[in-house]
Amino acid sequence: MDTDRPLVKLRGVRKSFGAALVLTGIDLDVRRGEVVVVIGPSGSGKSTLCRCINRLETADEGVIEIDGKALPREGKELARLRADVGMVFQSFNLFAHKTVRENVMLGPVRVRGLSREEARERADRLLARVGVGDHGDKFPAQLSGGQQQRVAIARALAMEPEVLLFDEPTSALDPEMIHEVLDVMTGLAAEGMTMIVVTHEMGFAREAADRVVFMADGGIAETAAPETFFADPKTARAQEFLARVL
Ligand code: ADP
Ligand code: MG
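Below: a short report on this structure.

Analysis parameters
- Residues numbered from 1 in each chain as written.
- Chains lettered and ligands numbered in written order.
- Predicted model: local features only at pLDDT ≥ 70, side-chain atom pairs only at ≥ 80, totals over all residues.
- Heavy atoms only, no water.
- Helix = DSSP H or I, 4+ residues; strand = E, 2+ residues; numbered from the N terminus.
- Rg over C-alpha atoms; globule rule 2.2 N^0.38 Å.
- Buried < 20%, exposed > 50% of the residue type's maximum accessible area, 1.4 Å probe, protein only.
- Contact = heavy atoms within 4.5 Å.
- Areas by Shrake-Rupley, 256 points an atom, 1.4 Å probe, with all protein chains shown as cover.
- Axes fitted to C-alpha atoms, helices over the stretch in contact; angles between N-to-C directions.
- Parallel < 35°, antiparallel > 145°, perpendicular 65-115°, else oblique.
- Left-handed = near helix turned anticlockwise from the far one by under 90°.
- Salt bridge = Lys/Arg side-chain N within 4 Å of Asp/Glu carboxyl O.
- Near = heavy atom within 4 Å.
- Polar contact = N/O pair within 3.5 Å; in protein donor to acceptor, adjacent residues only side chain to side chain.
- Phe/Tyr/Trp six-rings, centres within 6.5 Å; stacked < 30°, edge-to-face > 60°.

## Some points on the overall build of the protein chain
Scanning the protein chain from N- to C-terminus turns up nine helices and 10 strands. Rg of the C-alpha trace for the protein chain: 18 Å, near the compact-globule value of 18 Å for 246 residues, within the 12% margin. For the protein chain, the C-alpha atoms occupy an extent of roughly 50 × 40 × 40 Å along the three principal directions. Expressed as a percentage of the 246 residues in the protein chain, the buried residues total 53%. A separation threshold of at least 6 residues defines the contact pool for the protein chain, and within that pool the share at least 24 residues apart is 66%. Just so you have it, the protein chain exposes about 11,400 Å², and 47% of that area is on carbon and sulfur atoms.

## Let's talk about the packing of helix α3 (residues 100-110) against helix α4 (residues 116-129)
Packed helices, taken two at a time, are described by the angle their axes make and the gap between the axes. Between α3 and α4, the shortest axis-to-axis distance is 8 Å and the interhelical angle comes to 125°. Classified by the angle between their axes, α3 and α4 sit oblique to one another. In terms of crossing hand, the pair formed by α3 and α4 is right-handed. For the pair α3 and α4, contact is made by Val-100, Arg-101, Glu-102, Val-104, Met-105, Pro-108 and Val-109 and by Arg-116, Ala-119, Arg-120, Arg-122, Ala-123, Asp-124 and Leu-127, respectively.

## Some remarks on the pattern of salt bridges
Inspection of every chain in the model, using the stated rule, returns 18 salt bridges. Of the charged contacts, one joins Arg-14 and Glu-61 as a salt bridge, the two residues approaching to 3.6 Å between their closest N and O atoms. Residue Arg-14 is located in strand β1 (residues 8-17), and its partner Glu-61 is located in strand β4 (residues 61-66); the two are separated by 47 residues in the primary sequence. Note on Arg-14: relative accessible area 30%, which makes it partly exposed. Using a relative accessible area of 45% as the deciding quantity, one classes Glu-61 as partly exposed. Linking Arg-32 and Glu-162 is a salt bridge whose minimum nitrogen-to-oxygen distance equals 3.0 Å. Here Arg-32, found in the loop between β2 (20-30) and β3 (35-39), pairs with Glu-162, found in the loop between α5 (145-157) and β7 (163-167); they are 130 residues apart in sequence, far enough to count as distant. On the basis of relative accessible area, Glu-162 is assigned to the partly exposed category, the value being 26%.

## Quick look at the site of ligand 1
Around ligand 1 lies a shell formed by Phe-17, Val-22, Pro-41, Ser-42, Gly-43, Ser-44, Gly-45, Lys-46, Ser-47 and Thr-48. Gly-43 has a polar backbone atom sitting 2.7 Å from an oxygen atom of ligand 1. Within the side chain of Thr-48, a nitrogen or oxygen atom sits 2.6 Å from an oxygen atom of ligand 1. Look at ligand 1: alone it shows 560 Å² of surface, and the protein chains cover 56% of it.

## A short note on the packing of aromatic side chains
Counting across every chain of the model gives three aromatic pairs. Arranged with centres 5.4 Å apart and planes meeting at 80°, the rings of Phe-229 and Phe-230 form a pair that is edge-to-face. Summarising the burial analysis for this pair, Phe-229 and Phe-230 share the class buried. An aromatic cluster of at least three residues, connected via ring pairs, comprises Phe-214, Phe-229, Phe-230 and Phe-241.

Spelled out as structure tokens, the structure:
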């Protein structure tokens, strides 16, 4: 195995919506097992970056590779490669009319070709791992927001992704539920999961990040180890941002 090769590689990624240039040319490498926390003001392009990495949006220009493979534009191959990039959203996006267990089983059966029996075992194992093992037969609305978000993490893990993207996974949660989701994420990070996490939780960034990426105006303004970034931000934009959030 080529261990030097980044698991996620972006070069010159640009994206516009109409006349608005939203990503101005992103270069980013994420190594296997690395946890990259992406922070920055609202509108700086963080969500668009995540959505381009797993092809919910198509970049206008540039290269996006997962484990050395460019993301194909469409078709079965895209579905398979997209499954290598798990994503957890701010709004949990669970299927309301399916049970918690079915939510987790769906992808492995449809995309990974598991039998229902195999998928059920995997779902129950993962639901237990994120601390909602007793709730498999319930519907999402019967769970708290924090529980639903942990189900969404289990659903992403069930695809056995190479990398997990989190786009503000705790922003829709009541304060008392934030930590139960962050605890699961911290556990995944400690187990070596490769993660790109957009968050405003600076405590998580300090504790779990190998690297902080600070975005402003559609570009990466600054990237540094968290201890360096928080103690000594180099750019005026990062200094202003930290003065507001810390
Ligand atoms: P962030 O996640 O950092 O808040 P976004 O990536 O959501 O930023 O948005 C970056 C910019 O792109 C914003 O100005 C936003 O209004 C714009 N934008 C995002 N998605 C769309 C879209 N689908 N159509 C038009 N503009 C969009
Ligand atoms: Mg966003």
